[in-house]
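Listed here are the chains, written in short residue letters.
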Amino acid sequence: MTSPEAHVHGLDPAVAAACELIDTVPLGASGEVLGRVTEIGDGLAHVSGLAGARLGEILVFQDGKSGFVLNLEPDKLQVVLLDASDKIEAGSEVRRTNKLARVPVGETLIGRIIDPMGRPLDGGDPIRAEDFHLIEKAAPEIIDRDFVTQPLETGLLVIDALFAIGRGQRELIVGDRATGKTAIAVDTIVNQKDTDIICVYVAIGQRSTAVKRVIEAVRTKGNMQRCIFVVAPATAEPGMRWLAPFAATTIAEYFRDKGGHVLVVYDDLTKHAATHRELSLLARQPPGREAYPGDIFYLHARLLERAAKLSREKGGGSLTALPIAEIEAGNLSAYIPTNLISISDGQIVLSSKLFAANQRPAVDVGLSVSRVGGKAQLAPLKSVAGRVRLDYAQYLELRMFSRFGGFGDDALKKRIMHGERTGVLLSQPRFSALRPIDQIALLTALEAGALDDVSLPRLAAAKAMLQSVIDLNPALSSAIADPASVDESHRSALLSCVSQALEKAVSKTDAGPP
């Protein structure tokens, strides 16, 4: 009996190659479990016949489109589509992948714009992932966490001085529509261009034009090579919008777990909650308050709990979360905002009235709070910012009553004048970040009363010149490099710099009575 090699020997090379290929093909019966679509509509498919599928598992339809298992029921699965398709209909075949939803991670994602599944949206090369990590992961355990001790500087005086944010903190940004919520987050991202922090911006249900503006702002003002953009616009399928914040967090955790520092901006979780409500109502889950399902709190709690400062044994990395939420008519007691306020470590509340009055950023100092960041705030900045919040809140109340007249008391007039100067310092144009040394200088001068007799236009002009004046002072070179080392000698030099900036501002503004 001759062997297969003997039959191949002496044949045409092409025939011989074909014979060798045939020999490698396994012969025998094989089985495959197939499911069938029983119902589909609005991005949600009901699938039967896949009893072994797991929650969150990726399934593939016969046209190659994918979805993930949202709910398990005794006789069917509820599958959320990740790609739009008009070819999926009742009776279509569905196959299991035996894989849970994963996203590519690694250094190659930095500087890229991707969708929640890691597919490029910037027209660049396909992502060469170092690894694929689960989109849904457990939050770090308490024993693996450490205290928040390092500041995350936004460059905005009103936040860094009054509501400091620490690395590893969760600080909610909440306000009415078009009050500058995204502007604060983008300014914070831009301010990290020369730091060791990697920024991840995730757009959930935003208009494509708004997302393009954010990306262009970071590209022109910040460092695109320190940022990752995860985009699920309003036109994306509900499944992509639902996965987006979890995918962005997984991407950020890769860098945190290697000992790095990451900032994640969720823009915004109100739209994410609306997407979850949409899918839950389509899945016929019982609605609760404001028609949201009962697990809406758990949805965002398990997401934001993944933000943490890790212990030294775990590498000492941090993941800072800046979730954004939108409210209507200043109603902070709505369901989603109250959920997020209770989950996060503080909130920056934006006021539509302050925004209309051209106070930008329009931060409401009475309703805003940072419960953790004060521990991480630089000691020199903390020492001069102690009374600013209280004094400014009192000024806002006095200003309201001063419209009726009758304030003849010189002490009250002086307090109002002091509050007006505080308002000028706390107001900042976009992309005009202040360094910690600049903030310490301004608040030191404010505390010393050196600004009370300065006209408002002159003060605004001096504030814009201050950075260049400080850079020219050789006595402050060490303080510029290490703002935490500022002492009394540096404070005197900073006051001198503020005085020089005010003198330079005289020639550019009217030095009339304040």
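Use the structure listed above.
Conventions we followed
- Residues numbered from 1 in each chain as written.
- Predicted model: local features only at pLDDT ≥ 70, side-chain atom pairs only at ≥ 80, totals over all residues.
- Heavy atoms only, no water.
- Pairing = 2+ DSSP bridges.
- Helix = DSSP H or I, 4+ residues; strand = E, 2+ residues; numbered from the N terminus.
- Contact = heavy atoms within 4.5 Å.
- Axes fitted to C-alpha atoms, helices over the stretch in contact; angles between N-to-C directions.
- 1 Å grid on protein atoms, 1.4 Å probe; cavity = no way out; pocket = protein on both sides within 12 Å on 5 of 7 lines; lining within 4 Å.
- Points joined across faces, edges and corners; volume = space filled by probe spheres on them.
- Nonpolar A, V, L, I, M, F, W, Y, C, P; charged D, E, K, R; others polar.
- Buried < 20%, exposed > 50% of the residue type's maximum accessible area, 1.4 Å probe, protein only.

Visitor: Kindly report on the sheet that holds strand 10 (residues 172-176), identifying the contributing residues and their values.
Guide: Overall, mixed pairing links the 8 strands, which are arranged 8-12-11-13-14-10-15-16 in an open sheet. Either end of the sheet is taken by a strand with one partner, and the two such strands are strand 8 (113-114) and strand 16 (369-370). Relative to strand 13 (residues 261-267), strand 11 (residues 197-204) runs parallel, the two being bridged by 7 bridges. Across the sheet, residue I197 finds its bridge partner in strand 13, namely H261. Lying on the sheet, helix 7 (residues 269-282) is in contact with strand 11, strand 13 and strand 14 (318-327); it crosses strand 14 at an angle near 75°.

Visitor: Account for empty space enclosed by the protein, with residues named and values stated.
Guide: Over the atoms, a rolled probe matching the size of one water molecule traces out where space is still vacant. A complete count under the given rule lists 2 cavities of 30 Å³ or more for this structure. Space inside the largest cavity adds up to approximately 80 Å³. What lines the largest cavity is simply P151, L152, E153, D160, A164, I165, Q377, L378, L381, P436 and Q439. Partitioning the lining of the largest cavity into residue classes produces 7 nonpolar, 2 polar and 2 charged. Each pocket or cavity is described by its volume, and for the second largest cavity that value is around 30 Å³. Taken together, L442, L459, A462, K463, L466, V498, A501 and L502 make up the lining of the second largest cavity. A per-element tally of the lining of the second largest cavity places helix 15 (residues 456-471) first, with 4 residues. When grouped by side-chain class, the residues that make up the lining of the second largest cavity number 7 nonpolar, no polar and 1 charged.

Visitor: An account of the pairing of strand 15 (residues 346-350) is requested, with residue identities and associated values reported.
Guide: Extensive coverage of strand 15 is indicated by the burial of 5 of its 5 residues. Sheet analysis places strand 10 next to strand 15, joined by 4 bridges and oriented parallel. Its bridge partner being in strand 15, G175 is matched across the sheet by L350.

Visitor: An account of the layout of surface pockets is requested, with residue identities and associated values reported.
Guide: Reported here for the largest pocket is a volume of approximately 790 Å³. Along the wall of the largest pocket there are 33 residues; nearest its centre are A178, G180, K181, T182 and A183. Elements represented by at least two residues in the lining of the largest pocket include exactly helix 4 (181-190), helix 5 (208-221) and strand 14. The volume enclosed by the second largest pocket comes to roughly 500 Å³. Looking at the lining of the second largest pocket, the elements that each hand over two or more residues are helix 12 (388-402), helix 13 (410-426) and helix 15. Examining the composition of the lining of the second largest pocket, we find that 6 residues originate from one element, helix 15, more than from any other. Considering only residue class, the lining of the second largest pocket consists of 13 nonpolar, 8 polar and 4 charged.

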